[in-house]
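Here is how the chains run, residue by residue.
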Amino acid sequence: MSVWAILVAAGRGERLGLDQPKAFAKLGEDPLLAEPLRRLEESSWVDAIVLVAPPGWEEPAILLTEELGCGKVNACVPGGETRADSVRAGMAEVPADAVVVLVHDAARPLVTDAVIERVLAPLSEGWDGAVPGLPVADTLKRVGPDGTITETVPREGLYGVQTPQAFPADVLRAALAAGGDATDCAALVEARGGRVTVVPGDPQLLKVTTADDLAKIAAWR
Ligand code: C5P
């Protein structure tokens, strides 16, 4: 089975307030991107990697993969305006004989082999996709533009969903080709009637959004 990973790192990360993209924010001594790259490179489940870099940052991204000795990185392409477009750009580099595609956010640096194994397992049982998720712990409110709570949403059955997300390559390719936008790949597969399951996520797969998240992740490393 050949497993290709698409590592999407093309987000601007405006909330970090830096003058470079989030993927190049410092996590300890290294750019953030180094951590998930190293982990995917070392994963026994991943055969090849496509890196989707911030537009204009392909060269530093390639240099980084060389410095890290990431021999599994087959291509580095510029991302698009939206996350879905960035995944499409990455998918264009995945060969037709790939069996499984894992899509992972570079902004979630602490990806582990354990979670990769958990999302891959359901694919051999016929699922169209598997995503890591954690049950929502807080009480959920819908809030209007003026700050008034309009609804308390029952949290039963609600999950916060993370990456890496795994799909049979043909399923993800068709879902991306159908167009549309979504904040994760599973939504594109679901929209076409695909059956996607949730496996246990990992609190350490926190997505870097603010400087506080970077500090937290640096401490967990
Ligand atoms: O901004 P968001 O939370 O959607 O980002 C999730 C992941 O998608 C990040 O790793 C980010 O770099 C990536 N992304 C991308 N291209 C975009 C937007 C986000 O590769 N246009």
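Preceding this section is the structure that the text describes.
1. Some details on the site of the ligand
Right, so step 1: Taken together, 13 residues lie around the ligand, and Val8, Ala10, Gly11, Ser86 and Lys207 are the ones closest in.
Right, so step 2: Note that a nitrogen atom of the ligand is positioned 2.9 Å from one of the backbone N or O atoms of glycine 80.
Right, so step 3: Burial of the ligand by the protein chains amounts to 82% of its free accessible area of 450 Å².
Right, so step 4: When atom positions are compared with the pocket grids, the ligand is found to occupy the largest pocket.
Right, so step 5: The residue makeup of the shell around the ligand, split by class, is five nonpolar, four polar and four charged.

2. Things to note about the layout of surface pockets
Right, so step 1: Of the pockets and cavities examined, the largest pocket occupies roughly 780 Å³.
Right, so step 2: Looking at the largest pocket, it is lined by 32 residues, and the ones nearest its centre are Gly11, Arg12, Lys22, Arg83 and Lys207.

3. Some thoughts on the packing of helix H3 (residues 83-91) against helix H5 (residues 169-177)
Right, so step 1: At their nearest, the axes of H3 and H5 sit 10 Å apart, and the two run at 130° to each other. Relative to H5, the element H3 lies oblique. Judged by the twist between their axes, the crossing of H3 over H5 is left-handed. Here Ala84, Val87, Arg88 and Met91 of H3 come into contact with H5, specifically with Ala169, Leu172, Arg173 and Leu176.
Right, so step 2: Residues belonging to the contact of H3 with H5 are distributed by class as follows: six nonpolar, no polar and two charged.

4. Regarding helix H2 (residues 58-68)
Right, so step 1: Buried within H2 are the following residues: Ala61, Leu64 and Thr65. The buried residues of H2 occupy an angular sector of 100° when the element is viewed end-on, so they sit on one face. Opposite the buried face of H2, by more than 90 degrees, sit the exposed residues Glu59, Glu66 and Glu67.
Right, so step 2: Turning to H2, the residues buried within the fold contact strand E3 (30-31), helix H1 (34-42), strand E4 (48-53) and strand E5 (73-78).
Right, so step 3: Count one or two residues on from H2 and you reach glycine 69, which has phi positive near 70°.

Quick notes on the rules
- Residues numbered from 1 in each chain as written.
- Predicted model: local features only at pLDDT ≥ 70, side-chain atom pairs only at ≥ 80, totals over all residues.
- Heavy atoms only, no water.
- Near = heavy atom within 4 Å.
- Polar contact = N/O pair within 3.5 Å; in protein donor to acceptor, adjacent residues only side chain to side chain.
- Areas by Shrake-Rupley, 256 points an atom, 1.4 Å probe, with all protein chains shown as cover.
- 1 Å grid on protein atoms, 1.4 Å probe; cavity = no way out; pocket = protein on both sides within 12 Å on 5 of 7 lines; lining within 4 Å.
- Sits in = over half its atoms within 2 Å of the grid points.
- Nonpolar A, V, L, I, M, F, W, Y, C, P; charged D, E, K, R; others polar.
- Points joined across faces, edges and corners; volume = space filled by probe spheres on them.
- Axes fitted to C-alpha atoms, helices over the stretch in contact; angles between N-to-C directions.
- Helix = DSSP H or I, 4+ residues; strand = E, 2+ residues; numbered from the N terminus.
- Parallel < 35°, antiparallel > 145°, perpendicular 65-115°, else oblique.
- Left-handed = near helix turned anticlockwise from the far one by under 90°.
- Contact = heavy atoms within 4.5 Å.
- Buried < 20%, exposed > 50% of the residue type's maximum accessible area, 1.4 Å probe, protein only.
- Arc of directions from axis to C-beta.

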